[in-house]
Amino acid sequence: MTTAAATPKGVRRPPAVRGLTALLATTAAATVAVELLNWWYAPEQGFGLAVRSGWALLRSVGFLVLIWHVRRGRTAARPLGLILAVTTVFAVGRLIVPRAGLPPLPGLLGFAALTLLCAAVVWMLYRSPQVDAHLVRHPGRLVIDRQGISWRATPPRKPPVAAWLLTARVAAFTYSPLMLVPCLIAVGTIFDGKLVAVPAVVGWFVAGVVVGNVVLLDAFFLLRGKRWARGVLVAVTVAVLAVDLPLCWWLLGVDGLVRDGAPLVAAAALTCYALWRAGRAGPATAVRPPEQAPS
């Protein structure tokens, strides 16, 4: 069994690709640094802040996954990078603003630096010609032919998928965790004596799990060009906002509505915008795979 070579030894990736990889590593480190800085200066280091900070820190792992996609030249790097950048800015931004008073200056400076890094990541993913020429590789699969058995990056047999549909899928996948994070924070209100919230928190959790499965199933048909799947995704988006935002306001107050509702609204807006752009773009055009796929 042989494995198709990715990049010939001694051949370096384009400078823009190497720069993007370094930028992503810097952004991942900056995410951790800003979160630790916010935790240090936070006047209230309670359960809610711990959950929100932990969820925000997971995005540093997301940037490491994005680095792997970029190094492998995967087409999925763009939508993943876009949703990571947008939700990271919202996730960190909601933590630097205290319940009362002005945010600390170090937190503001860290947030500004992280915002610039995320903006630079999106710009390089969508505007750099070298990165554009690099991100053309399809996922690998097992191939059996006259030359034997090999693992190759081959074009998909189904029709090519519009890039904006991939963006909508990735953005919609964040619905479930963005619902479950405030739901977990709301558990703290139960321990504070608000027992009437138990049915709402349980229903919130179940809704978050159901949404994740529905989006996963709908995305299967969405990427296969089923137009009705777009309508289903829009309906799911509306339902998610109708459930999550009132519960955030009731159980977590206006502060929770802003901190936990804003990232979900951003993801929902990106999903709907991506669906709209995909509808205007029409059928996707196939991308010819390179002769030698990058690693």
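Quick notes on the rules
Residues numbered from 1 in each chain as written. Predicted model: local features only at pLDDT ≥ 70, side-chain atom pairs only at ≥ 80, totals over all residues. Heavy atoms only, no water. Patch = residues over 30% accessible without salt bridge, like charges linked within 9 Å, V, L, I, M, F, W, Y side chains within 5 Å. Areas by Shrake-Rupley, 256 points an atom, 1.4 Å probe, with all protein chains shown as cover. Salt bridge = Lys/Arg side-chain N within 4 Å of Asp/Glu carboxyl O. Helix = DSSP H or I, 4+ residues; strand = E, 2+ residues; numbered from the N terminus. Buried < 20%, exposed > 50% of the residue type's maximum accessible area, 1.4 Å probe, protein only. Axes fitted to C-alpha atoms, helices over the stretch in contact; angles between N-to-C directions. Parallel < 35°, antiparallel > 145°, perpendicular 65-115°, else oblique. Left-handed = near helix turned anticlockwise from the far one by under 90°. Contact = heavy atoms within 4.5 Å. Nonpolar A, V, L, I, M, F, W, Y, C, P; charged D, E, K, R; others polar.

Peer 1: So what about a nonpolar patch on the surface? Which residues, and what values?
Peer 2: Nonpolar side chains collect at one region of the surface, where Leu195, Val198, Val202, Phe205, Val206, Val209, Val210, Val214, Trp228 and Val232 lie side by side and expose about 840 Å² of accessible area between them. Examining the composition of the nonpolar patch, we find that seven residues originate from one element, helix α8 (residues 198–222), more than from any other. Position of Phe205 among the secondary structure elements: in helix α8. Judged by relative accessible area, Phe205 falls into the partly exposed class, the value being 47%.

Peer 1: Give a detailed account of the pattern of salt bridges, specifying residues and quantitative values.
Peer 2: For the structure shown, the criterion picks out one salt bridge. With its nearest N and O atoms 2.7 Å apart, the salt bridge here joins Arg78 to Asp132. Taken together, the residues Arg78 in helix α3 (residues 77–96) and Asp132 in helix α5 (residues 129–134) connect sequence positions 54 residues apart. The exposure class of Arg78 is buried, given its relative accessible area of 15%. Using a relative accessible area of 44% as the deciding quantity, one classes Asp132 as partly exposed.

Peer 1: Break down the packing of helix α7 (residues 175–191) against α8 for me, with residues and values.
Peer 2: Closest axis-to-axis distance for the α7/α8 pair is 9 Å, and the angle between their directions is 165°. On the basis of the axis angle, α7 is roughly antiparallel to α8. With respect to the hand of their crossing, α7 and α8 are arranged in left-handed fashion. Contact residues: Tyr175, Ser176, Met179, Leu180, Pro182, Cys183, Ala186, Val187 and Ile190 in α7; Val198, Val201, Trp204, Phe205, Ala207, Gly208, Val209, Val211, Gly212 and Val215 in α8. A class-by-class count of the residues in the contact of α7 with α8 yields 16 nonpolar, three polar and no charged.

Peer 1: Can you explain the packing of helix α6 (residues 163–173) against α8? Please cite residues and give values.
Peer 2: Axis separation between α6 and α8 bottoms out at 10 Å; the angle between their running directions is 175°. In terms of axis orientation, α6 runs roughly antiparallel to α8. Counted together, Leu165, Arg169, Ala172 and Phe173 of α6 and Val215, Leu216, Ala219 and Leu222 of α8 form the full contact between these two elements. When the residues that make up the contact of α6 with α8 are grouped by side-chain class, the tally is seven nonpolar, no polar and one charged.

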